[in-house]
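Structural overview for review
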Amino acid sequence: MTKLKVGGMSCNHCVNAVTQALGAVPGVDRVTEVSLERGEAVVEGSADVALLVAAVEEEGFKAEHAG
């Protein structure tokens, strides 16, 4: 499980965009959660953290590994 802090989400459209971007990263088995309220995303699988961060940032949001 990998947790990311995601900044800049303001609506459900943002949540959907982040969810789709993370789901398209090689090695992601499942996007467990993208929380607008907490500003975080949780994914399962073996995806490289740098690729996850890059996918979120390509959608126009800030992202960093949360541990």
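Residues numbered from 1 in each chain as written. Predicted model: local features only at pLDDT ≥ 70, side-chain atom pairs only at ≥ 80, totals over all residues. Heavy atoms only, no water.

**Observations regarding the overall build of the protein chain**
This is how the line gets drawn: Under the scheme used here, helices are H or I runs from DSSP no shorter than 4 residues and strands are E runs no shorter than 2 residues, and both carry numbers assigned from the N terminus. Radius of gyration: over C-alpha atoms. The globule rule applied is 2.2 Å multiplied by the number of residues raised to the 0.38 power. Accessible area is worked out with a 1.4 Å probe on protein chains only. A residue is then buried under 20% of its type maximum, exposed over 50%, and partly exposed in between.
Looking only at helices and strands, the protein chain features two helices and four strands. Starting at the N terminus and ending at the C terminus, the protein chain contains elements arranged as β-α-β-β-α-β. Relative to a compact globule of 67 residues, whose C-alpha radius of gyration would be 11 Å, the protein chain shows 10 Å and is just as compact. Expressed along its principal axes, the backbone C-alpha trace of the protein chain runs to roughly 30 × 20 × 15 Å. Counting over 67 residues, the protein chain shows a buried share of 39%.

**Overview of the side chain of serine 35**
Rules: In protein, a polar contact requires one atom able to donate a hydrogen and another able to accept it; more generally it is a pair of N or O atoms within 3.5 Å, and residues adjacent in sequence count only if both atoms are side-chain atoms. Two residues qualify as a contact provided that any one of their heavy atoms is within 4.5 Å of a heavy atom in the partner residue.
The residue serine 35 is located in strand β2 (residues 28–35) in this model. There is a polar contact of 3.1 Å between the side chain of serine 35 and the backbone nitrogen of arginine 38. The contacts of serine 35, once residues within four sequence positions are left out, are Met9 and Glu40.

**Quick word on the nonpolar core**
The condition is simple: Residues grouped as a nonpolar core are buried Ala, Val, Leu, Ile, Met, Phe, Trp, Tyr and Cys residues, joined through side-chain atoms within 4.5 Å.
Val6, Met9, Val18, Leu22, Leu52, Val56 and Phe61 are the most contacted members of the largest nonpolar core, which totals 21 residues. Counting only elements with at least two residues in this core, the list comes to β1 (2–7), α1 (12–23), β2, β3 (40–45) and α2 (49–58). Ranked by the residues each element gives to this core, the list is headed by α1, at six residues. The contact partners of phenylalanine 61, leaving out residues within four places of it in the chain, are Val6, Gly7, Gly8, Met9, Cys14, Ala17, Val18 and Val56.

**A short note on the pattern of salt bridges**
Our working rule: A carboxyl oxygen of Asp or Glu within 4 Å of a side-chain nitrogen of Lys or Arg is what we treat as a salt bridge.
Scanning the entire structure with this criterion turns up three salt bridges. One salt bridge connects glutamate 44 with arginine 30, and the closest N-O pair in it is separated by 3.3 Å. Taken together, the positions of glutamate 44 in strand β3 and arginine 30 in strand β2 put the pair 14 residues apart, joining distant regions of the chain. Relative accessible area serves as the criterion here: at 30%, glutamate 44 is assigned to the partly exposed category. When its relative accessible area of 43% is taken as the criterion, arginine 30 is described as partly exposed. Of the charged contacts, one joins glutamate 40 and arginine 38 as a salt bridge, the two residues approaching to 3.2 Å between their closest N and O atoms.

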